[in-house]
Amino acid sequence: MEIVLPPLKIVKYPHPSLRHKGRPVTGVDAKLRRIAEEMLELMYAHKGLGLAAPQVGLPWQMFVCNYAGGRENRDMEAVYLNPFITEKSGGLIEGEEGCLSFPGLFQKVKRARAVKAMAYNLEGELLEIEVSDLSARIWQHETDHLHGELYIDRFSEAGRAASRAALTAFEGEYRQAQERGELQADTEIERQLTELEKLA
Ligand code: ZN
């Protein structure tokens, strides 16, 4: 059965996709390339440095990033399939993070300074990656997304307290959008996520 995906949109907390573990991608085809391109466009449009598939409602192990920022540095952009971190080093450093699924919410998060990782690219090549500082932070933030983990889970006690009002507001907006019929019920979204897993 051919499932036609609607244009991708960034989902916001507490959309169930953000807690739904992504399935490994099993192959690269024209559809996947088009999705990667759409994700990059969304990331640039919202001025993000990275965007993971669960953030556009797709339960797949895939993220896009460009630590150099905008479209003017497209040579720095990357699409990673089935990424996993093999080693963390350099100790933990604290840095401010935001997330396109939590617009406007910035908090300090501790992350390993450097990571080694492996991932496939859109050519189906297995890459060995070594990154540090901002790139390592993006890698850790985005791979967390693929396992249903979010930066809010890593806030300090103080960061959590400072974010409580913002999170309550996101939850309120989400429920109101559901009441207005702009978003489907969580049970229906979960059913669709399970269907979409099969397309990975
Ligand atoms: Zn994020």
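Everything quoted here is computed from the prediction, not taken from an experiment. (Residues numbered from 1 in each chain as written. Predicted model: local features only at pLDDT ≥ 70, side-chain atom pairs only at ≥ 80, totals over all residues. Heavy atoms only, no water.)

(A) Quick look at the coordination of the zinc ion. Around the zinc ion, the protein contributes the donor atoms Cys99 (SG), His141 (NE2) and His145 (NE2), which lie 2.0 to 2.2 Å from the metal centre. One chain supplies every donor for the zinc ion, spaced along it as C-x41-H-x3-H. A residue pair is termed long-range when its members are at least 10 positions apart, and Cys99 in the loop between strand S3 (78-97) and strand S4 (107-120) and His141 in helix H2 (residues 133-145) qualify at 42 residues. Judged by relative accessible area, His141 falls into the buried class, the value being 7%. (Donors = N, O, S within 2.8 Å, 3.2 Å for Na, K, Ca; no water. Helix = DSSP H or I, 4+ residues; strand = E, 2+ residues; numbered from the N terminus. Buried < 20%, exposed > 50% of the residue type's maximum accessible area, 1.4 Å probe, protein only.)

(B) Expanded view of a nonpolar patch on the surface. Side chains of Leu49, Tyr67, Met76 and Leu134 sit close together on the surface and give an oily, nonpolar patch of about 320 Å² of accessible area. Along the chain, Met76 turns up in the loop between strand S2 (62-65) and S3. Relative accessible area serves as the criterion here: at 32%, Met76 is assigned to the partly exposed category. (Patch = residues over 30% accessible without salt bridge, like charges linked within 9 Å, V, L, I, M, F, W, Y side chains within 5 Å. Areas by Shrake-Rupley, 256 points an atom, 1.4 Å probe, with all protein chains shown as cover. Salt bridge = Lys/Arg side-chain N within 4 Å of Asp/Glu carboxyl O.)

(C) Fine view of helix H4 (residues 186-197). With 12 residues, H4 extends 16 Å between its outermost C-alpha atoms, agreeing within 8% with the 16 Å of an ideal straight helix rising 1.5 Å per residue. Looking at H4, one finds that the buried residues are Ile189, Leu193, Leu196 and Glu197. The arc enclosing the buried residues of H4, seen along the axis, measures out at 105°, which places them on a common side. In this structure, the buried residues of H4 make contact with helix H3 (157-179). (Expected span 1.5 Å × (residues − 1). Arc of directions from axis to C-beta. Contact = heavy atoms within 4.5 Å.)

(D) Focus on the nonpolar core. Core analysis: the biggest nonpolar cluster contains 25 residues, and Met39, Leu51, Leu58, Trp60 and Met62 have the highest contact counts within it. Only helix H1 (30-45), S2 and S3 provide two or more residues apiece to this core. Take this core: its biggest share by element is eight residues, from H1. In contact with Leu51, not counting residues within four places along its chain, are Ile10, Met39, Leu42, Met43, Val56, Phe63, Val64, Leu100 and Glu142. Among the nonpolar cores identified, the runner-up in size contains 14 residues, and Ala52, Tyr80, Val115 and Ile129 belong to it. (Core = buried A, V, L, I, M, F, W, Y, C linked by side-chain atoms within 4.5 Å.)

(E) Region of interest: the environment of Lys31. When you line up the elements, Lys31 lands in helix H1. Taking the relative accessible area as the measure of exposure, Lys31 reaches 26% and is therefore partly exposed. Expressed as a C-alpha distance, the spacing of Lys31 and Gly50, which sit 19 residues apart in the sequence, is 20 Å.

(F) Structural context of the pattern of salt bridges. As enumerated under the stated definition, the model contains 18 salt bridges in all. Of the charged contacts, one joins Glu197 and Arg23 as a salt bridge, the two residues approaching to 3.1 Å between their closest N and O atoms. Of this pair, Glu197 sits in helix H4 while Arg23 is found in the segment before H1, placing the two residues 174 residues apart along the sequence. A relative accessible area of 14% means that Glu197 is categorised as buried. On the basis of relative accessible area, Arg23 is assigned to the partly exposed category, the value being 40%. Between Arg113 and Asp133 there is a salt bridge; the shortest N-O distance is 2.8 Å. Placement of Arg113 in strand S4 and of Asp133 in helix H2 is noted, with a sequence separation of 20 residues between them. The class for Asp133 is partly exposed, based on a relative accessible area of 36%.

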